[in-house]
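# Residue-level structural notes
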Amino acid sequence: MDYSLQELLVAASAAEIKDGDVIFAGVGVPTLGALVAKLTTAPNAIIAMESGSIGPQPYRVILGIGDNPCVENCICTTSLWRLFSDQQRGYFDVGMVGGAQVDKYGNLNSTAIFGKGSYTRPASRLPGSGGANDIASSAKRTIITIPLQRRRFLERVDYITSPGYLDGYDARERAGLPGGGPAAIITNKCVFRFDPVTKEAYLYSVHPGVTVEEVKAEVSWDLKVAEDVKVTPPPTEEQLRITRILDAGGIYTQGNLKNLTFDKYINMLEESYESLKEIFKGVR
Amino acid sequence: MSVVEIDWKKKNDKRMTLKEAISTFVKEGCSIIFSGMGGAQCVAQTYEIIRQGVKNLTLIGDSPCECGDMLIGAGLVKRAEIAWCSYAVAGLGNNFRRAIEEGIPHPIELEEYSNYTIGLRLLAGALNIPFMPTKSLLGSDLPVYNKMIKEMEDPYSGERVALVPAANPDVAIVHVSRADQKGNAQIEGFSSNAENMARAAKHTIITCEEIVSTEEIMRYPNLTIIPQYAVDAVVELPYACHPWNFPYAYAYDITFHAMQLEAFKTREGFLKWLDEWCFAFDSWEGYLEKVGYGRLDKLRRIERRFTRSSL
């Protein structure tokens, strides 16, 4: 079965979820991945959204961390500070975070690209931490999603918004961070994991058709490579089927937001109701 | 420690128009915070502040969208104590970017936190204590560039914690599902940081989709997130979040939002948007008429298919 890169990334995100995991997810491909996991291999997973919604099973695509689908068929609506307190307490197994830059220890920058400027007058100002710092601090493991590009994969990020392993080894523990740190970096070309001792990222798997050299060319430090680099498993037919139902409008997997009209949007919502209701039946 | 002014809060009928509420409580140089998180944003309230041109605001917030980006673009924000400013799926906060990258329309002071630690600042403010310790922020660059974040060892266990200062904004604007005329505010769905910002602020303006009787509030007292004694004013303000969603009320108008944010990509486009969608009208009703009640009704009806209010 043919699949798109975005669909492969959904499957790769889903592969990181274990049954029973409590997950902090942002919108887009990571949430699609978490939902695909819930509807296949991890039926007891609980997805939480920062606005304060726990366990939604929406019959439409989620368009924001406080979009109405976040409260749809959920088990609890509460407040932001309460949800993050639950995470700080240690109830959250997985956090999904992104950024504009990442370094060899999995530290993420979503605050500012300094360029020739500085923090106060950067070349490119990004939105900021939001909840990413909190998730990276306290989730038992974090999954990072970021495109593989040389300007993004740096020896050291300009600004650590979300802590990875800081300077490596036991730096996280010494800083007093309760969470376990990054478990994987998922990119458009490959997946990285982290050395258990040095905490440095290494190439774990390449996506089908991608070479190790291609990956190394897009990383600006001397990348370590696993002795037996794997090939990222392509999406299964079941994962593809569910991904295409969850994002039937192709908002995240086909970049269709820019072509969307109001009438098409309302139709998309109407059509998704029955098809999503059907696939959620098995996980109640 | 903040001094709570109680005269407004003791009134039995706190109903006002949005225009009155903003002109009464939102003063030049004040600090202000808005409810909402990743949706349910205070858009009508933002437009009214822009219409009244209240300057030199200190914006406090977790992840403000219109109430951050548009107030900054309108030149009304002197200082922002926030965790994030953008619009997520529909687009970027280009006014915020222009202010930081190019000083347009003027530079702003920035004091950055994370969503949770803004929540803890408000919790500390609501508890009337001076700060809150947390396990967030440690090891990151947030404390490097924001000297208000302190680190210390827990005097009991010796563990490292970061400290964030209490926030007691001059004004909190909180949008809820329904409230009575005394300000008992009920919400269906998530509350982000609303209950704490209302208690922490010196003045709290409740805006609601619908004003109901106190008897109606009493039928579901567990839905009251803010009791009347923490409220100064009540404004009935339907569709206040458009183009954003509001849980159990109306769906996200993402195609309208995409059009709006396309306009915000340039300074000229933003200013033209303000002329056409904000300054052209005397009140939010003008905006809603321009959007079209047919369109708004479609957003309300489609939402009923997915989430139905139990009230």
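Residues numbered from 1 in each chain as written. Chains lettered and ligands numbered in written order. Predicted model: local features only at pLDDT ≥ 70, side-chain atom pairs only at ≥ 80, totals over all residues. Heavy atoms only, no water.

### What to know about the sheet that holds strand E6 (residues 101-103) of chain A
Residues and elements named next belong to chain A. What counts here: For two strands to pair, DSSP has to find at least two bridges joining them. For helices the rule is a DSSP run of H or I covering at least 4 residues; for strands it is a run of E covering at least 2, with both sets numbered from the N terminus onward.
An order of E7-E6-E11 is seen for the three strands of this open sheet, with the pairing classed as mixed. At either margin of the open sheet sits one strand with a lone partner, and together these are strand E7 (108-109) and strand E11 (153-154). Of the pairings in the sheet, the one linking E6 to E7 comprises two bridges and is antiparallel in character. Pairing of Gln 101 across the sheet is with Asn 109, part of E7.

### Description of the side chain of Arg 79 of chain B
Residues and elements named next belong to chain B. The following threshold applies: Definition of a polar contact: a pair of N or O atoms within 3.5 Å, with one able to donate and the other able to accept a hydrogen when the atoms are protein atoms, and with sequence-neighbouring residues admitted only if both atoms are side-chain atoms. In this description, contact between two residues means that some pair of their heavy atoms is separated by no more than 4.5 Å.
Tracing the chain through its elements places Arg 79 in strand E3 (residues 77-82). In this structure the side chain of Arg 79 is engaged in a polar contact, spanning 2.8 Å, whose partner is the side chain of Glu 109. Every residue in contact with Arg 79, bar those within four places of it in the chain, is listed here: Leu 57, Thr 58, Leu 59, Glu 109 and Glu 111.

### Points about the domain arrangement of chain B
Condition: Where each domain starts and ends follows an automatic or database-derived domain assignment.
Its domain assignment divides chain B into domain 1 (8-113 + 168-310) and domain 2 (133-165). One C-alpha centre belongs to domain 1 of chain B, the other to domain 2 of chain B; they are set 31 Å apart.

### Concerning the sheet that holds strand E1 (residues 22-24) of chain A
All names here are of chain A. One open sheet holds the 10 strands; their spatial order is E4-E3-E2-E1-E5-E10-E12-E13-E14-E15, and the pairing between them is mixed. In this open sheet, the two edge strands, each paired with only one partner strand, are strand E4 (76-77) and strand E15 (224-231). Pairing of strand E14 (residues 201-206) with E15, which is carried by four bridges, proceeds in the parallel orientation. Across the sheet, Ser 205 pairs through a bridge with Lys 230, a residue of E15.

### Some remarks on the nonpolar core
Nonpolar side chains tend toward joint burial in soluble globular proteins. What counts is decided by this rule: Note on terminology: a nonpolar core comprises buried Ala, Val, Leu, Ile, Met, Phe, Trp, Tyr and Cys residues joined through side-chain atoms within 4.5 Å. Each residue is assigned to one of three classes by its accessible area relative to the maximum for its type, calculated with a 1.4 Å probe on protein chains only: buried under 20%, partly exposed between the two thresholds, exposed over 50%.
Within the largest apolar cluster, 199 residues are counted, with the highest numbers of intra-cluster contacts made by Phe 192 and Val 215 of chain A together with Ile 49 of chain B. Counting residues per element, this core draws most heavily on helix H8 (residues 262-280) of chain A, which supplies nine residues. Viewed by domain, this core spans two of them, domain 1 (8-113 + 168-310) and domain 2 (133-165) of chain B, each represented by three or more residues.

### Some points on the pairing of E14 of chain A
Pairing of strand E13 (residues 190-194) of chain A with E14 of chain A involves five bridges; the strand directions are antiparallel. Counterpart to Arg 193 of chain A in the pairing with E14 of chain A is Tyr 202 of chain A.

### Overview of unusual backbone geometry
The linkage connecting Ile 104 of chain B with the following residue, Pro 105 of chain B, adopts the cis geometry, with an omega of -5 degrees. Looking at the element boundaries, Pro 105 of chain B is found in the loop between helix H4 (94-102) and strand E4 (109-112). The omega angle of the peptide bond from His 242 of chain B to Pro 243 of chain B is 10 degrees, so this bond is cis rather than trans. Tracing the backbone shows Pro 243 of chain B in the loop between strand E12 (233-236) and helix H9 (254-263). At Lys 199 of chain A, a position not held by glycine, the phi torsion is positive, near 65 degrees. With respect to the helices and strands, Lys 199 of chain A occurs in the loop between E13 and E14. For Ala 88 of chain B, which is not glycine, the phi torsion reads 65 degrees and is therefore positive. Examined against the element boundaries, Ala 88 of chain B turns out to sit in the loop between E3 and H4.

### A word on the environment of Lys 202 of chain B
Residues and elements named next belong to chain B. Along the polypeptide, Lys 202 turns up in the loop between helix H7 (194-200) and strand E10 (203-211). In this structure, the C-alpha to C-alpha distance between Lys 202 and Ala 258, residues 56 residues apart in sequence, is 35 Å. For Lys 202, the side chain forms a polar contact with the main-chain oxygen of Asn 168, separated by 3.1 Å.

### A short note on the pairing of strand E8 (residues 171-179) of chain B
Looking down a regular strand, the side chains alternate between one sheet face and the other. Residue and element names in this part refer to chain B. In terms of burial, E8 is largely enclosed, as nine of its nine residues are buried. Bridging between strand E1 (residues 31-34) and E8 involves three bridges; their strand directions are parallel. Paired with Ile 32 across the two strands is Val 171, which belongs to E8. Bridge analysis of E8 against E10 gives eight bridges, and the strand direction is parallel. When the bridges of E10 are listed, Ala 179 appears paired with Ile 211. Here two bridges tie E8 to strand E9 (residues 185-186), and the two strands are oriented antiparallel to one another. Residue Arg 178 lies in a different strand from E9, and its bridge partner there is Gln 186. Between E8 and E9, which follow one another and run antiparallel, lie five residues, and Gly 183 among them has a positive phi close to 105 degrees.

### Notes on the interface of chain B and chain A
Stated precisely, the cut-off is as follows: By convention, the term buried area covers the 1.4 Å-probe accessible surface removed from two parts as they join, with the contributions of both added. The term salt bridge refers to a side-chain nitrogen of Lys or Arg lying within 4 Å of a carboxyl oxygen of Asp or Glu.
Across the boundary between the two partners, chain B contributes 63 residues, which contact 65 residues of chain A. With both sides pooled, the region where chain B packs onto chain A buries about 5200 Å², and carbon together with sulfur makes up 59% of that total. Summed over the shared surface of chain B and chain A, the number is four salt bridges. Residue Arg 305 of chain B is joined to Glu 274 of chain A by a salt bridge in which the shortest nitrogen-to-oxygen separation is 3.5 Å.

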